[in-house]
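# Observations on the three-dimensional arrangement
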Amino acid sequence: MKSAVIVFPGSNCDRDCRDAVEKATGTAPAMIWHRESDLPDGLDLIVIPGGFSFGDYLRCGAIAGRSPIMGAVKDAAEAGVAVVGICNGFQVLCETELLPGALLRNAGLDFVCRRQDLEIANGNTRFTAAYQGGRQVNFPVAHHDGNYFADADTLDRLEGEGQVVFRYQGNPNGSARDIAGVMNARGNVLGLMPHPDRAADARHGGTDGLALFRSVMESAG
Amino acid sequence: MTDTLDSTADAVTEATALEHGLSKDEYAVILDRLGRAPNRVELGIFSVMWSEHCSYKSSRTHLAKLPTTGPQVIQGPGENAGVVDIGDGQAAIFKMESHNHPSYIEPYQGAATGVGGILRDVFTMGARPVALMNALRFGSPDHPKTRQLVNGVVAGIGGYGNCVGVPTVGGETNFHAGYDGNILVNAMAVGIADQDKIFYARGAEPGQPIVYVGSKTGRDGIHGATMASAEFDDASDEKRPTVQVGDPFTEKLLIEACLELMATDAIAAIQDMGAAGLTSSSVEMADKGGVGVELDLDQVPQREADMTAYEMMLSESQERMLMILKPGRESEAEAIFDKWELDFAVIGKTTDSGRMVLTHKGETVCDIPVAPLADDAPKYDRPYTPQPKTAPIKAEDIPEPADYGQALLTLLASPDLASKRWIWEQYDRHVMADTVANSETQGDAAIVRIHGTNKGLAITTDCTPRYCKADPYEGGKQAVAEAYRNLCAVGATPLAITDCLNFGNPERPEIMAQFVGCVDGMAEACRALGMPVVSGNVSLYNETNGVAIPPTPAVGAVGLIEDLDKVVGIGGAKAGDVLLLVGETTGHLGQSLYLREIHGREDGPPPPVDLEAERRNGEFVRRLIAKGLAHAVHDVSDGGVAVAAAEMALASKVGVAITARHDRANAPDLFGEDQGRFMVSVGESDARAILDSADVTVTEVGRALPSEAVIMIEAAGVVSRIPLADLRAAHEGWLPGYMRGR
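What you see as residue numbers is a count from 1 along each chain, following the sequence as written. Written order determines the labels here, with chains lettered from A and ligands numbered from 1. This being a predicted model, a pLDDT of at least 70 is required before a residue's local features are given, and a value of 80 or more before pairs of side-chain atoms are given or counted; all residues contribute to the totals for chains, interfaces and linings. As a rule here, side-chain values come from all non-hydrogen atoms in the structure, and water together with hydrogens is ignored.

### A word on the overall build of chain B
We apply this condition: By the criteria applied, helices consist of DSSP H or I runs no shorter than four residues and strands consist of E runs no shorter than two, each listed in order from the N terminus. The globule rule is 2.2 Å times the number of residues to the power 0.38, and the radius of gyration it is compared with is taken over C-alpha atoms. Each residue's exposure class comes from its accessible area (1.4 Å probe, protein chains only) as a fraction of the maximum for that residue type: buried when under 20%, exposed when over 50%, partly exposed otherwise. Note on definitions: a residue-residue contact is assigned when non-hydrogen atoms from the two residues lie within 4.5 Å. In this description, accessible areas are obtained by the Shrake-Rupley approach with a 1.4 Å probe, and a residue is regarded as covered only by the protein chains that are shown. In this charge count, Lys and Arg are treated as positive and Asp and Glu as negative; neither His nor the chain ends contribute. One atom stands in for each charge, and that atom is NZ of Lys, CZ of Arg, CG of Asp or CD of Glu.
A count of helices and strands for chain B gives 25 helices and 28 strands. Whereas a compact globule of 742 residues would reach a radius of gyration of roughly 27 Å, chain B reaches 26 Å, a difference of no more than 12%. In chain B, buried positions account for 65% of the 742 residues. Of all intrachain contacts in chain B linking residues separated by at least 6 positions in sequence, the fraction that spans at least 24 positions is 84%. Approximately 23800 Å² of chain B is accessible, and the part contributed by carbon and sulfur atoms is 49%. Considering chain B, the positive charge centre built from 63 side chains and the negative charge centre built from 104 side chains are found 3 Å apart.

This is the structure in structure tokens:
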């Protein structure tokens, strides 16, 4: 499988994502600097990693969302390439409107880092098929702005169309309807606050995250 | 204090020198070395270089007693951080540093820049930072400022470390009225580098370009080092402008840019701009390289208009580095810093003059010899008067508690022992994806994997200030011994320590005696346990209105784990296990938490540390772990055997039963804090053989219960039972409740 990890100034999970994707798929992704305007040909997966792109000094993900590379990411998404945004990457995808909604400051106002149980709300996606019907996973969360917000109509639509992919079991941040991860209507762009890249190794306390990347690989054929 | 006049024209007198925190004698030395009066810029430079913070003038005499060498030591104290060999051509680079004064005045920025500063010390040497730790001491929970200080410090540490993307994996937090006027924020950073890619402040030669990189210089933090070298009084809030402001995003870029440049061989010497900023970094590199420096201050990237030479030389703006490059490598370096959108400016060159010459707006504003700044820094052998030994407490004066279980519950919910989840959940503990054990796993040491290997570094910070106050020498020994024990408890081979020595005003003989006692004790323990000191920092003048903090020589220790598959935590006890106690129990209650929290007494001598037993017991436990015989290990420290067993039960989610051995007066055994002890949970079938073959003192003290989720303490035929759920609720409840204002 051919994949790429986008690196912004302030990304800090780029290496973690590279390692997790390599472990899950057997092939190391290309690391793409944000100032590039083109992506490698023939990608099956683009990962937007976690971190604090541009320090999150403006709205989280706002500046990264306007980086040169994001034009190419949008084109790839429109062409059907799988895109996964994790944590700060989810925020970037919301800022670029590849995904609906926004991520607000956590309801408790504090940064929260904990191991988090999640329900797989839709097991029949390009990102969850390899869980083979499993309903529960544990990925760590670590964020200050993970409180998912969208208007009621959008939330109803997301739920109705099966676009809610992961839900919190024990909501850590006040997210609407316990939403931890959503995908676009076409089903090829996923954003989630929890870190599958930190559940990719027995030393992490679990390897639940690997099947997410494996799902993409299997769907790519 | 900031000079806005033409600095060269402004006359300096002895009074100006005193304003800068120099003594009359120190000023006389400056006059002698220069053969004239210094101007303002020169005086400013002398005053920060000779401040307590930069010169260690009160402590150097005694720091020399600490052992600093060993086969594992690649670089001891004197560089930005200590360097130890971890095998396979790699090195661990680490240091701990205080940011006490600024954190009290402005907790968020003070703590944040403390993290930033200690990270720079580590990556300046070529290491990628892999772990952060912090040792925090706050005032009494009842003090009106404490809650706000906890809130600000924790947010500051998290705000910086989380953004930079280095996991904060552990630490310790104490509360005591002794810190009401001066909190302690000690941050430790650990990094990993290849041994052939380590960078030093030494190494400059004449004729090399001096390059400034990172953030622009502003007017923040001017005289921070001098502020950190004085006591507080009621007007200390007015010192807020001396506190720097952190920019973790720029720090992250600086890490990546520096490591990218360090992959080449363009750097001759490098020093971060920490305390005393441009002054200290340029003087250190010039002094260590035996060269002179010429700086054109007009080339310094500036954040504000019309900065004077004095302001630029004393600014402590953060996220800046000074490098001396090999000639001709400037454009290669500049391209890297361009990519990361960081300022890059050639601001001068090294010379063979041995002088520090600064020009600003076409004028020479400073022309002084480098050598006296470092070599003639004052060094004081300050008088010290050891306090009398504390009288032992009489066991018969300490009534037994009505219910041992209730006493245990009270202890586990007391501020020092209560869960610090509210704090560590605000720290990203997993970024970099190599965290093996952290605050959440509750083990005695945090563990990070050495990336790409099955080896790990174990890290711990330790100090028991109440012991140090009662007996500085034993307390100093104990801080090192507990760090050694915590590394052994996870199966790590102890390598070396860094220290952060926090004390009051050294000009008072009783405070100086605390310092000397603690350092002497630490030196003895370091020698006995084979853990040399490779880096550290001294923070004096932690007092307000004449009241000093308890002596707090915080120790940060690093150990090596050769095989992560063998690691043991405290959460592995299995139902039916036998709980073994390694080490001698005499029932020492002096200075115990039990005495303080249950009986309201803070007296008696601290438990003595038998270093030979400490070493033997530690080695014994490491052997048990290496053989795979230990399911769980926990050091026995604050709160004694009962607390160790309860913590193991909470982490392992199994009940435990402890059986006391006396007919009466069991509190000393249950809650005493004798040193050199471990609780080890082993399989029932292995217990007999371990007990029979042990070459150190090992006794059976209890069992992990097969089914019941309770802590049972059986003493003289009476059984006290506390459901684990109640214990957990009390343990987890205190800090969040306190922070919500309850």
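Once the structure has been displayed, the description carries forward.
### Details of the sheet that holds strand β4 (residues 128–138) of chain B
Sheet strands pair by backbone hydrogen bonding; their relative direction is either parallel or antiparallel. Residue and element names in this part refer to chain B. Quick reminder of the rule: Pairing between two strands is assigned when DSSP locates at least 2 bridges connecting them. The axes are straight lines fitted to the C-alpha atoms, using for helices just the contacting stretch, and the angles between their N-to-C directions are given from 0 to 180°.
Read from one edge to the other, the open sheet built from six strands follows the order β1-β2-β3-β6-β4-β5, with strand pairing classed as mixed. In the strand order of this sheet, the two ends are held by β1 (73–75) and β5 (168–175), each with one partner. Within this sheet the neighbouring strands show an average axis-to-axis angle of 20 degrees, counted without direction.

### Concerning the pattern of salt bridges
Stated formally: Salt bridge criterion: a side-chain nitrogen from Lys or Arg within 4 Å of a carboxyl oxygen from Asp or Glu.
Taken as a whole and assessed by the stated rule, the structure comprises 62 salt bridges over all chains. Between Lys57(B) and Glu26(B) there is a salt bridge; the shortest N-O distance is 3.1 Å. Residue Lys57(B) is located in the loop between α4 (52–55) and α5 (60–63), and its partner Glu26(B) is located in helix α2 (residues 24–34); the two are separated by 31 residues in the primary sequence. For Lys57(B), a relative accessible area of 7% puts it in the buried group. Between Glu256(B) and Lys252(B) there is a salt bridge whose closest N-O contact spans 2.9 Å. Of this pair, Glu256(B) and Lys252(B) are both found in helix α10 (residues 248–262), four residues apart, which corresponds to roughly one turn of the helix. The same class applies to Glu256(B) and to Lys252(B), which are both buried. Overlapping salt bridges bring together Arg15(A), Asp201(A), Asp434(B) and Arg449(B) as one network.

### Quick look at the nonpolar core
Side chains that are nonpolar tend, in soluble globular proteins, to be buried together. Counted only if it meets this: Definition used in this section: a nonpolar core is a set of buried Ala, Val, Leu, Ile, Met, Phe, Trp, Tyr and Cys residues joined via side-chain atoms within 4.5 Å.
Membership of the largest hydrophobic core comes to 137 residues, with the highest contact counts inside it found for Leu39(A), Val73(A), Phe166(A), Leu212(A) and Phe337(B). It is α10(B) that contributes the most residues to this core, nine residues altogether. Once residues lying within four places of it in the same chain are set aside, the contact partners of Phe337(B) are Val213(B), Leu254(B), Ala257(B), Cys258(B), Leu261(B), Met323(B), Leu342(B) and Phe344(B). Of all hydrophobic cores here, the second largest spans 88 residues; its members include Cys500(B), Phe503(B), Val682(B) and Ile690(B).

### Considering the environment of Pro71(B)
All names here are of chain B. Tracing the sequence through the fold places proline 71 in the loop between α5 and β1. On the basis of relative accessible area, proline 71 is assigned to the exposed category, the value being 86%. With 159 residues separating them along the chain, proline 71 and alanine 230 place their C-alpha atoms 38 Å apart.

### Regarding the packing of helix α7 (residues 107–123) of chain B against helix α8 (residues 146–164) of chain B
Residue and element names in this part refer to chain B. Short version of the rule: Note on convention: near helix rotated counterclockwise from far helix by under a right angle means a left-handed crossing. Clockwise means right-handed. Lys, Arg, Asp and Glu make up the charged group, whereas Ala, Val, Leu, Ile, Met, Phe, Trp, Tyr, Cys and Pro make up the nonpolar group; the residues left over, Gly among them, are polar.
Where α7 meets α8, the axes come as close as 7 Å, and the angle between the chain directions of the two elements is 35 degrees. Pair α7 / α8 crosses with right-handed handedness. Facing Pro107, Tyr108, Ala111, Ala112, Val115, Gly116, Leu119 and Arg120 of α7, the residues of α8 in contact are Gln148, Leu149, Gly152, Val153, Ala155, Gly156, Ile157, Gly159, Tyr160, Gly161 and Val164. Here the contact of α7 with α8 is composed, by residue class, of 12 nonpolar, six polar and one charged.

### Observations regarding the sheet that holds strand β7 (residues 136–143) of chain A
All names here are of chain A. Spatially, nine strands are ordered β2-β1-β3-β4-β11-β10-β9-β6-β7 in an open sheet, and the strand pairing comes out mixed. In this open sheet, the two strands that pair with only one neighbour each are β2 (30–33) and β7. Put simply, the sheet's adjacent strands are angled 25 degrees from each other on average, direction ignored. For strand β10 (residues 179–183) and strand β11 (residues 189–192), the ladder comprises three bridges, and the chain directions are antiparallel. From the neighbouring strand, methionine 183 faces β11, where its bridge partner is leucine 190. Strands in contact with helix α3 (residues 88–95) are β3 (45–48), β4 (82–86), β10 and β11; relative to β4, the strand with the most contacts, it is inclined by about 120 degrees.

### Observations regarding the interface of chain B and chain A
Threshold: Buried area, as used here, totals the accessible surface that two parts lose on assembly, with accessibility defined by a 1.4 Å probe and the loss added over both. Throughout this description, a polar contact denotes any pair of N or O atoms lying within 3.5 Å of each other; where both atoms belong to protein, one of them has to be capable of donating a hydrogen while the other can accept it, and for residues adjacent in sequence the pair is counted only when both atoms sit in side chains.
If you look at the interface, chain B gives 33 residues, while chain A gives 28 residues. Taking both sides of the interface into account, the surface hidden between chain B and chain A amounts to around 2500 Å²; carbon and sulfur atoms contribute 50%. Our count for the contact surface shared by chain B and chain A stands at six salt bridges. For Arg203(A), the salt bridge goes to Asp565(B), with nearest N and O atoms at 2.5 Å. Linking chain B with chain A are 19 residue pairs in polar contact (both at pLDDT 80 or more). Only α8, α10, α13 (330–339) and β14 (435–437) of chain B provide two or more residues apiece to the side of chain B that touches chain A. Broken down by element, the side of chain B that touches chain A gets its largest block of residues, four residues, from α10(B).

### Quick word on the pairing of β4(A)
Residues and elements named next belong to chain A. We apply this condition: Seen with the strands pointing away from the viewer, any crossover whose path from the first strand over the helix to the second strand runs clockwise is right-handed.
Summarising burial for β4: five of the five residues are buried, a large majority. Both faces of β4 are covered, namely the face carrying Ala82, Val84 and Ile86 and the face carrying Val83 and Gly85. Across four bridges, the pairing between β3 and β4 is parallel. Across the sheet, isoleucine 46 pairs through a bridge with valine 83, a residue of β4. Crossover connection from β3 via helix α2 (residues 69–78) to parallel β4: handedness right-handed. Judged from the four bridges that link them, β4 and β11 form a sheet pairing that is parallel. Counted as the bridge partner of valine 83 is valine 189 from β11.

All we've got here are geometric facts, nothing functional implied.
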